[in-house]
Amino acid sequence: MLATLGAGCLLGAEAAPRPAAPAAFEPGKVWLDTQGNPIRSHAGGILEREGVYYWYGQERAGRPSGVTVYRSRDLLNWEPLGLALPREVLPEEARERGVCERPKVLWNAKTRRYVMWMHLDNRQYTYAMAGVAVSEKPEGPFAFLEAFRPVRFDFGYPENDRCRQKELGNTFRDMNLFLDDDGQAYVFYASEDNRTMYIVRLNEAFTRPAEPLVQGRTWARILVDQYREAPAPFKYRNKYYLITSGCTGWNPNAADLSVANSLFGPWTSRGNPCVGPERHLTFRAQSTFVLPAPGKPPGCFIFMADRWEPKRLEQSTHVWLPFVVREDTLLLEFRERWDFSIYDALRGGQ
Ligand code: GAL
């Protein structure tokens, strides 16, 4: 059975008339779900399956409660499905006073399972583990499998490492999943205490790294010593793109776009893709995911980001912006309001 976001949501839906369906994206504004409550799905990602979109994210209404999931057919109207992964099933370190962040889900056609990866941490952010859970249904409930650090590689472990990387493996924090056209899945994550990004190919079930781990062949260190996080990868015309943020906690900073011909690199920075006011702050938001724009020609995408409210995380909003890839690069511009017709204009400029 699914937990709900709160009994009030259900009662409210019966008593009150439904809110008007949003007709356009309004980045940074409060975005109501189909029950009239603000969508709480942060640092999340979207899975499309048979024309239905599932939006997984972290919830921060007071104490984080697990991974939320919403369902939609048009990306504007989102029906809350409650918790896909309740906090109770997490390892103690994350469950008691820690966090469960940046959840992402892939569908595995071979095992016919939905596989969720997430970043688990304690309050001090020294636990820094990957968590993996699986489900037969997209809405869950997901069964938690294990928490671990995928790679142990001697990058010159620091003395008195608060994260005990030599012993437990290299840290796992901000993350994303990526499914390539050939069916191989990968996890991107900030490692080495956020100094260097790792990319690791997953096994057939998508539940662990592909083994044996061979640097340069099954995993790689990328954006070395650059302190990047919030990775949002995507592919277009045989090139790989990766949008990241800097490491300033909940405070916004400048994004970076990197491009590569191979997932294991070399990755080349194209600099900050944002233009216009607040470009150095990514419009006061932090990347989380890039989604191909439904029904639009290849090369049309949606950039998804979170505008954090550090003192009131539960009031953080969502910033979704349209973009097209042109000559191996892209520009992100803030828009108060947009809908899918914007892509004609964006492409027209090509
Ligand atoms: C951010 C990171 C978030 C969260 C936060 C905690 O830099 O992107 O996912 O971990 O730090 O301060």
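The written sequence of each chain sets the order in which its residues are numbered from 1. Local features in this predicted model are restricted to residues of pLDDT 70 or higher, and side-chain atom pairs are both shown and tallied only at a pLDDT of 80 or more, whereas totals for entire chains, interfaces and linings draw on every residue. The basis for every side-chain value is the complete set of non-hydrogen atoms in the structure, without hydrogens or water.

(A) Summary view of the nonpolar core. By size, the foremost hydrophobic cluster in this structure holds 23 residues, and its most contacted members are Ile 46, Trp 55, Leu 75, Trp 78, Ile 302, Trp 320 and Tyr 343. Secondary structure is summarised from DSSP: a helix means a run of H or I of at least four residues, a strand means a run of E of at least two, and numbering begins at the N terminus for each. Elements with a minimum of two residues in this core: strand 2 (52–58), strand 18 (286–292), strand 19 (300–307), strand 20 (317–324) and helix 4 (342–348). The contact criterion used throughout is that any non-hydrogen atoms of two residues lie within 4.5 Å. Filtering out sequence-adjacent residues up to four positions away, Leu 75 remains in contact with Phe 25, Trp 31, Ile 46, Tyr 53, Leu 291, Pro 294, Ile 302, Trp 320 and Phe 340. Think of a nonpolar core as a cluster: buried Ala, Val, Leu, Ile, Met, Phe, Trp, Tyr and Cys residues, connected wherever their side-chain atoms sit within 4.5 Å. To sort residues, take the accessible area from a 1.4 Å probe on protein chains only and compare it with the maximum for the residue type: under 20% means buried, over 50% means exposed, and anything in between is partly exposed. Among the nonpolar cores identified, the runner-up in size contains 22 residues, and Leu 47, Met 116, Tyr 127 and Ala 133 belong to it.

(B) Summary view of the site of the ligand. When at least one non-hydrogen atom of a residue lies within 4 Å of a molecule or strand, that residue is treated as near it. Taken together, Glu 101, Arg 102, Tyr 125, Asp 174, Glu 229, Gly 249, Trp 250 and Gln 286 make up the full set of residues near the ligand. One nitrogen or oxygen atom from the side chain of Asp 174 is found 2.5 Å from an oxygen atom belonging to the ligand. The accessible surface values rely on the Shrake-Rupley method and a 1.4 Å probe; as for residues, cover is taken only from the protein chains in view. With the chains in place, 88% of the 310 Å² that the ligand exposes on its own is no longer accessible. Gly falls in the polar group here, along with every residue not listed as nonpolar (Ala, Val, Leu, Ile, Met, Phe, Trp, Tyr, Cys, Pro) or charged (Asp, Glu, Lys, Arg). Among the residues forming the shell around the ligand, the class breakdown is two nonpolar, two polar and four charged. Definition of a polar contact: a pair of N or O atoms within 3.5 Å, with one able to donate and the other able to accept a hydrogen when the atoms are protein atoms, and with sequence-neighbouring residues admitted only if both atoms are side-chain atoms.

(C) Quick look at the layout of surface pockets. Using a grid of 1 Å spacing that covers the protein atoms alone, one calls a set of points a cavity when a 1.4 Å probe fits there but cannot get out, and a pocket when the set is open and has protein on both sides within 12 Å along at least five of seven lines; lining residues are those with an atom within 4 Å of a point. Grid points are joined across faces, edges and corners, and a volume is the space filled by probe spheres set on the points. Looking at the largest pocket, its volume works out to about 640 Å³. Around the largest pocket, the lining comprises 25 residues; the ones closest to its centre are Ile 46, Leu 179, Phe 289, Leu 291 and Pro 292. Secondary-structure elements contributing two or more residues to the lining of the largest pocket are strand 1 (42–49), strand 5 (99–108), strand 9 (175–179), strand 13 (228–236) and strand 18. Taken together, the residues that form the lining of the largest pocket break down as 18 nonpolar, three polar and four charged.

(D) Structural view of the sheet that holds strand 20. Strands sit in the order 18-19-20 across an open sheet of three strands; the sheet is antiparallel. A single partner strand is all that each edge strand has here, and the edge strands are strand 18 and strand 20. Looking at each pair of strands side by side, their axes are set apart by 25 degrees on average, direction ignored. Following DSSP output, two strands are said to pair if at least two bridges run between them. Across six bridges, the pairing between strand 18 and strand 19 is antiparallel. Residue pairing for strand 19: Val 290 is matched across the bridge by Phe 303. The angle between two axes is taken between their N-to-C directions and runs from 0 to 180 degrees, where each axis is a line fitted to C-alpha atoms and a helix contributes only its stretch in contact.

(E) The environment of Glu 79, seen in detail. Turning to its location among the elements, Glu 79 is positioned in strand 4 (residues 79–86). Its relative accessible area of 31% is what places Glu 79 among the partly exposed residues. Put simply, Glu 79 and Asp 344 are 265 residues apart on the chain and 28 Å apart in space, counted from C-alpha to C-alpha. Once you skip the residues sitting within four places of it in the chain, Glu 79 turns out to touch Thr 34, Val 69, Tyr 70 and Arg 71.

(F) Geometry of the pairing of strand 19. With eight of eight residues buried, strand 19 is to be regarded as a mostly interior element. Bridge count between strand 19 and strand 20: eight bridges; the pairing is antiparallel. Residue Cys 300 lies in a different strand from strand 20, and its bridge partner there is Val 324.

(G) Quick peek at the sheet that holds strand 3 (residues 66–72). Read from one edge of the open sheet, four strands run 1-2-3-4, paired in antiparallel fashion. At either margin of the open sheet sits one strand with a lone partner, and together these are strand 1 and strand 4. For this sheet, the mean angle separating the axes of adjacent strands, direction not counted, is 25 degrees. Note that strand 1 and strand 2 share six bridges and pair antiparallel. Bridge pairing links Ile 46 to Trp 55 in strand 2.

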